[in-house]
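# Coordinate inspection notes
Okay, here's what each chain looks like letter by letter:
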Amino acid sequence: MSLLPSGAYRPPADRWGTFTRLAARLPEGCVAVVDRTVARLHPALIPALKARAPRAIIQLVGGERAKSLASLEKVLANGVNLPRSGTLVAVGGGTVGDVATVAAHLLKRGVRLVQVPTTLLAAVDSSLGGKGAVDLTVRGRVVKNPAGVFHYAEEGWLCQDLFATLSPQQIREGSIEAWKMVATLDAGLFKRYVRAPPTMEKLVRDARRLKESVCARDPYELTGLRRVLNFGHTFGHVLESLSSFQLSHGDAVGLGMLMALDVGRHLGATPGLVAAEVEAALQQGPGVLDRAHAARLLRRASQRDVVALLNADKKAGARGELRMVLLTALGATDVRDVASATWRELWPAWTEGVRP
Ligand SMILES: NC(=O)c1ccc[n+]([C@@H]2O[C@H](COP(=O)([O-])OP(=O)(O)OC[C@H]3O[C@@H](n4cnc5c(N)ncnc54)[C@H](O)[C@@H]3O)[C@@H](O)[C@H]2O)c1
Ligand SMILES: [Zn+2]
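My aim in this report is to walk through the structure given alongside it, one point at a time. (Residues numbered from 1 in each chain as written. Chains lettered and ligands numbered in written order. Predicted model: local features only at pLDDT ≥ 70, side-chain atom pairs only at ≥ 80, totals over all residues. Heavy atoms only, no water.)

## Focus: the overall build of the protein
Summing up its helical and strand segments, the protein has 16 helices and 10 strands in all. Taken against the 2.2 N^0.38 rule, which gives 21 Å for 356 residues, the C-alpha radius of gyration of the protein at 20 Å falls within 12% of a compact globule. Taking the principal axes of its C-alpha atoms as reference, the protein extends roughly 60 × 50 × 40 Å. When each of the 356 residues of the protein is scored for burial, the buried share is 53%. Sequence separation of 24 or more characterises 75% of the internal contacts of the protein that already satisfy a separation of 6 or more. Of the roughly 15,600 Å² of accessible surface on the protein, a fraction of 54% belongs to carbon and sulfur atoms. Considering the protein, the positive charge centre built from 46 side chains and the negative charge centre built from 32 side chains are found 4 Å apart. (Helix = DSSP H or I, 4+ residues; strand = E, 2+ residues; numbered from the N terminus. Rg over C-alpha atoms; globule rule 2.2 N^0.38 Å. Buried < 20%, exposed > 50% of the residue type's maximum accessible area, 1.4 Å probe, protein only. Contact = heavy atoms within 4.5 Å. Areas by Shrake-Rupley, 256 points an atom, 1.4 Å probe, with all protein chains shown as cover. Lys, Arg positive; Asp, Glu negative; His and termini not counted. Charge placed at Lys NZ, Arg CZ, Asp CG, Glu CD.)

## Topic: the environment of C30
Residue placement: C30 occurs in the loop between helix 1 (19-23) and strand 2 (31-35). Taking the relative accessible area as the measure of exposure, C30 reaches 1% and is therefore buried. Sequence separation of C30 and R355 is 325 residues, and the distance between their C-alpha atoms is 52 Å. With residues near it in sequence (within four places) discarded, C30 still touches P54, R55, A56, L82, T87 and V89.

## Some points on the nonpolar core
Counting residues in hydrophobic clusters, the biggest one holds 63 residues, and the most contacted among them are F235, L239 and V278. The leading source of residues in this core is helix 12 (residues 249-266), at 9 residues. Counting contributing residues, this core receives three or more from each of domain 1 (13-163) and domain 2 (171-352). (Core = buried A, V, L, I, M, F, W, Y, C linked by side-chain atoms within 4.5 Å. Domains from an automatic or database assignment.)

## Comments concerning the site of ligand 1
If you check the shell around ligand 1, you find 25 residues, and the closest are E64, T95, T118, T119 and Q170. A distance of 3.0 Å is found between an oxygen atom of ligand 1 and a side-chain nitrogen or oxygen belonging to K67. For ligand 1, a nitrogen atom lies 2.7 Å from a polar atom in the side chain of T118. For ligand 1, the protein covers 83% of the area, taking 870 Å² as the surface of the free molecule. Of all the elements in the fold, those that place two or more residues in the shell around ligand 1 are helix 2 (36-41), helix 5 (94-106), helix 6 (120-126) and strand 7 (141-150). Residue composition of the shell around ligand 1, grouped by class: 5 nonpolar, 12 polar and 8 charged. (Near = heavy atom within 4 Å. Polar contact = N/O pair within 3.5 Å; in protein donor to acceptor, adjacent residues only side chain to side chain. Nonpolar A, V, L, I, M, F, W, Y, C, P; charged D, E, K, R; others polar.)

## Some thoughts on the state of the cysteines
On inspection of all chains with the given rule, the structure shows 0 disulfides. Between C159, a free cysteine, and C30, which holds the nearest cysteine sulfur, the sulfur-to-sulfur gap is 14 Å. Exposure remark for C159: the relative accessible area of 0% places this residue in the buried category. (Disulfide = S-S within 2.5 Å.)

## Let's talk about helix 10 (residues 200-217)
Between its first and last C-alpha atoms helix 10 spans 26 Å; for 18 residues at 1.5 Å apiece the expected length is 26 Å, and the two agree. Residues of helix 10 that are buried include every one of L203, V204, D206, A207, R208, L210, K211, E212, V214 and C215, and no others. (Expected span 1.5 Å × (residues − 1).)

As structure tokens, this is what we get:
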């Protein structure tokens, strides 16, 4: 038994296996939060949880709407009888994982959390690193993640049987975030990926190891070290917003990475050969969308709209300069303040859908 309070940083214990086999180890009397779609697609899941005499099984409809105060309250209400040494199990994608993380943090000032990511994005990204949050509606507008916590899971269960029902698009979204970590953090691994594409299991293991290595050095996001994980997110978030969230986060980040490579090349921070190699790898590996997708969205907007979105995202400084993660070599990044004139020069090519 650890002397650290539940939710404090500790290296995560990853367990691989089928859900049924891993669930057999659950302590009795846990509370489980389960994505309803996952429960429907995997009929053995709920019986495996029920066999452990849980206090409650709460099913949430996965998707951004699950990250509401209403679902948080539902989880908390079902968890009031959980002792401080009790366990909350989150089975779902990033949305169910995020709301369950907040609930685990609040219940009895912190109970044990087991994350069972069921999307690839959750497996490689959101179920690691301790962050959880819910969205708020402020003056009629949904604001993403303003109410959040750090609460580290004690275990991550990687159940490949649950990934079998993911669509090619869901796999692409998660793969893009995983390739992001490899391109920015591990040059040798990146080269190996280009030579031979990894299996899904290897992709998940590698991405989790890389994200964990970053989080271990900055578990509560105090030093700025975790910023490397934002590669591709500056313009990725702009594209997500311009599409009214029709473009998925992973696909937006993929295109955002191409734009970050353009910015880096334009400033002389990213060598041309590196940018070309990473762009080709993102096309052949996870399958980043064509630049035409970004162009169609950017053509809908003015540069002023983009500035407003960058400001809302707190990515722009007082003079409109952007704090961006740029790739300086394979596996290496630098955070630079980028003047708005820089991306404005790239705008014509971006809106035509060609590489500047
Ligand atoms: N906490 C963090 O550090 C962090 C990091 C990145 C993203 N996030 C958050 O994660 C969320 C996105 O995560 P997501 O992409 O997993 O979204 P999600 O939870 O909405 O899942 C996407 C869809 O996939 C379905 N689904 C889940 N597992 C499935 C399976 N095995 N088979 C078939 N369908 C399945 C869900 O029902 C949902 O409709 C966002 O809210 C984002 O803010 C958090
Ligand atoms: Zn992301």
